[in-house]
Structure formats: structure tokens, C-alpha cells
Amino acid sequence: MTDKFEELLEQRHENAAGWKREGKKIVGYFCTYGLEEIMHAGGLRPVRVFGPGGPYKLSREHIQPYYCQNCHGAVDEALKGNYSYLDGLVSPYTCEHYRAAYDSWRINLPLDYTRFIDMPSQTDLPQSEEFFVQELKNFCGSLESAFGVSITDDSLCDSIKLHNRNRSLLKELYGYKAAAEPVVSGAEVFAAIMSSTVTPKEEHNLLLEDKLEEVGQRKGPAGEGPRLMAIGTEMHDPDIVKAIEETGARMVADELCTGSRLVWVNV
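The structure displayed is predicted, hence computed values, not measured ones.

### A word on the overall build of the chain
And step 1. Scanning the chain from terminus to terminus reveals eleven helices and six strands.
And step 2. Structurally, the chain occupies a C-alpha span of about 55 × 45 × 45 Å along its principal axes.
And step 3. By residue count, 48% of the 267 residues in the chain fall in the buried class.
And step 4. Sequence separation of at least 24 residues holds for 71% of the intrachain contacts in the chain that already meet a minimum separation of 6.

Rendered as C-alpha cells:
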């Protein structure tokens, strides 16, 4: 049976199109460094951009075939028209692959607003902090100018609290799969984390509270097979985790941009 978080992932385009009809301004973003809090503080609706599994036929005409599947998936989805509801696109600098995906999208599917955010690669220098603070201020100003919104200290603090609440709830759910006798599957947790990137945090927090109450009442382990940890960058499809766990193994930990890295440290 598909749970609510999987439904949110599967219906993410339909849901976003509904927000568009309601007059919401929707901004897509690449990567874990998407700065959701800043966009949310301006009354915008941020959504993480990613694609389903391949093959990716359209994107191969626009970016190098050896670029990663994450980038191909995002560009392919865009070229199919599945992201036509976006009012803007934000790309923090993480790698040359994502930079190419952003440039391809910007050139082939122009949007009213696009923004490339430079990220310091060396973070332990005072100059890096000074640079990045100014980069964030410039980002705020560009959103305010493009969308006619106001991003205040108060709205930003409220947004940070809301997003930190989401991280804390997800981390609590993550703890159930990492327990000695996990009562929740890795696929369930993965779907919960990924769906948080395409769902308003106000709604997602309520769903997480209900999920945690239900999980807390479960009896017995979800499985007793080998305990595995996934290490890598991005993964978007809960079915990958399901396939692993259907062999009897348990995905009890990860070090993924779409897993623990997304929720482990509060802002």
C-alpha cells in the first residue's frame, strides 16, 4: 500500500500545478543547498527539482551524456513540460554537472526568474563567511525585486523555526529505522524525507506528527536481515530502497544528500 509520503512524491507535479492555479509563486531549486527558508520567508513556494528514473532521451540533446543521472533527470522532466508551473529556478553551485543543467534549462526554457548562487568551497575562512553572507543578501534582494515580496528578519526567523521543526521530526523518524529493532523501513523514511522537499512544511509537519504517533505504537522489528548504510550523493526514488529491503536487508542509515545530510543539522 502506498503511504501518504509516497503519494506526495508521485503527485508532486499535480499538487504544484494546483498551487499555481491558486496564485502561488513557485520556485524550483537544485540540491540540498536550496535555501528554502529564504524563499518561504518571502511567501514563495520552493520545490526541489528532480526527475524519475531513465532513460533520458531529451536531455541527451542538451547536456553531455556522461553527466550524472540527477542532472539528466531534472532537464528531461523540464523538457517534457512537467515543470511548466515554475515561476523561477535557483541553482546553488555544487558541481559542474548541475551548473550545466541549470544553464541548459535557463537557455532552452526561459523563466521569469533564474538565480545562480555561488557557494564558497572553503568554509573555514572569515572571508568565506563574509562572501556568503553578502551572496545571501543579494539573493534576498533579487527575490524581493523579481516577485514584489518582502523578506524581513521576523519572516526569516519564523521560516527557520518551521523548517527546523521539519528537520527535527524527520530526524526523530530516522531514529526509528536506526534502532536495534527498527519498526519502520528505510523506504518509509526515505519517502518522508524526499516528500518534505516538494510539500509545504506546514502540511508536512502535521503529517510527520501523525506518522510518528503511528510508528511509536508499532510492535516488533520491521525486519531482521543485514543492516546496511547507503553512501553517496543524491537518490530520489524510494523504490530503490524498497528493492534492497525486499531481499531481507534493512537500510538503517545513510550518508546521502537526500537523506541524513538534509535533516541532521538545524539552521
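### Thoughts on the packing of helix H7 (residues 153-178) against helix H8 (residues 186-195)
And step 1. Look at H7 against H8: their axes get within 9 Å of each other, and the N-to-C directions meet at 170°. When the axis of H7 is compared with that of H8, the two are roughly antiparallel. Here H7 and H8 pass one another in a crossing that is left-handed. Note on element contacts: H8 touches H7 through Gly186, Val189, Ala192 and Ile193, opposite Leu170, Leu173, Tyr174 and Lys177.

### Regarding the pairing of strand E5 (residues 227-231)
And step 1. Note: E5 against strand E6 (residues 250-255), five bridges, orientation parallel. In the sheet register, Arg227 faces E6, and the bridge partner there is Arg250.
And step 2. Once the chain exits E5 it traverses helix H10 (residues 238-245) before rejoining the sheet at E6, and the crossover so formed is right-handed.

### Things to note about the sheet that holds strand E4 (residues 113-117)
And step 1. Across the sheet, four strands lie side by side as E2-E1-E3-E4; this open sheet has parallel pairing. One side of each edge strand has no neighbouring strand; the edge strands of this open sheet are strand E2 (45-48) and E4. Strand-to-strand twist in this sheet, taken as the mean axis angle between neighbours without regard to direction, amounts to 20°.
And step 2. Sheet topology note: the strand E1 (residues 26-29)/E2 ladder contains four bridges and is parallel.

### So, unusual backbone geometry
And step 1. The phi torsion at Cys31 lies on the positive side, around 75°, for a residue other than glycine.
And step 2. Mapping Cys31 onto the fold places it in the loop between E1 and helix H3 (36-41).
And step 3. A positive phi angle is found at Leu35, which is not glycine, with a value near 60°.
And step 4. Relative to the elements of secondary structure, Leu35 occurs in the loop between E1 and H3.

### Side note on the pattern of salt bridges
Oppositely charged side chains can pair when the atoms bearing their charge come close.
And step 1. Taken as a whole and judged by the stated rule, the model has 16 salt bridges.
And step 2. Where Arg12 meets Glu77, a salt bridge forms, and the shortest distance between an N and an O atom there is 3.8 Å. Pair noted here: Arg12 is in helix H2 (residues 12-21) and Glu77 is in helix H4 (residues 69-79), with a separation of 65 residues, a long-range link. The exposure classification of Arg12 matches that of Glu77, with both residues buried.
And step 3. Residue Arg261 is joined to Glu255 by a salt bridge in which the shortest nitrogen-to-oxygen separation is 3.1 Å.
And step 4. On the basis of relative accessible area, Arg261 is assigned to the partly exposed category, the value being 37%.

### What to know about the environment of Pro120
And step 1. Inspection of the secondary structure assignment puts Pro120 in the loop between E4 and helix H6 (126-147).
And step 2. Through-space distance from the C-alpha of Pro120 to that of Phe132 is 6.9 Å; in sequence the pair is twelve residues apart.
And step 3. Leaving out residues up to four positions away in the same chain, Pro120 has contacts with Ser128, Phe131 and Phe132.

### A word on the packing of H7 against helix H9 (residues 201-215)
And step 1. Relative orientation of the contacting elements H7 and H9 amounts to 25°, with a least axis distance of 10 Å. With respect to each other, H7 and H9 are oriented roughly parallel. Crossing angle aside, the handedness with which H7 passes H9 is left-handed. Contact residues: H7 offers Leu162, His163, Arg165, Asn166, Leu169, Leu170, Glu172, Leu173 and Tyr176, while H9 offers Lys201, Glu202, His204, Asn205, Leu208, Glu209, Lys211, Leu212 and Val215.
And step 2. Among the residues making up the contact of H7 with H9, the classes are represented as eight nonpolar, four polar and six charged.

### Considering the nonpolar core
And step 1. Ranked by size, the top nonpolar core spans 30 residues in total, and within it Leu173, Ile193 and Leu208 carry the most contacts.
And step 2. In terms of residue count, H8 provides more of this core than any other element does, seven residues in total.
And step 3. Each residue touching Leu208, except ones within four places of it in the same chain, is listed here: Phe5, Asn166, Leu169, Leu170, Leu173 and Ala192.
And step 4. Ile26, Val49, Ile63 and Tyr67 belong to the second-largest nonpolar core, a separate cluster that totals 22 residues.

The rules behind each value
- Residues numbered from 1 in each chain as written.
- Predicted model: local features only at pLDDT ≥ 70, side-chain atom pairs only at ≥ 80, totals over all residues.
- Heavy atoms only, no water.
- Helix = DSSP H or I, 4+ residues; strand = E, 2+ residues; numbered from the N terminus.
- Buried < 20%, exposed > 50% of the residue type's maximum accessible area, 1.4 Å probe, protein only.
- Contact = heavy atoms within 4.5 Å.
- Axes fitted to C-alpha atoms, helices over the stretch in contact; angles between N-to-C directions.
- Parallel < 35°, antiparallel > 145°, perpendicular 65-115°, else oblique.
- Left-handed = near helix turned anticlockwise from the far one by under 90°.
- Pairing = 2+ DSSP bridges.
- Right-handed = clockwise from strand over helix to strand, strands pointing away.
- Salt bridge = Lys/Arg side-chain N within 4 Å of Asp/Glu carboxyl O.
- Nonpolar A, V, L, I, M, F, W, Y, C, P; charged D, E, K, R; others polar.
- Core = buried A, V, L, I, M, F, W, Y, C linked by side-chain atoms within 4.5 Å.

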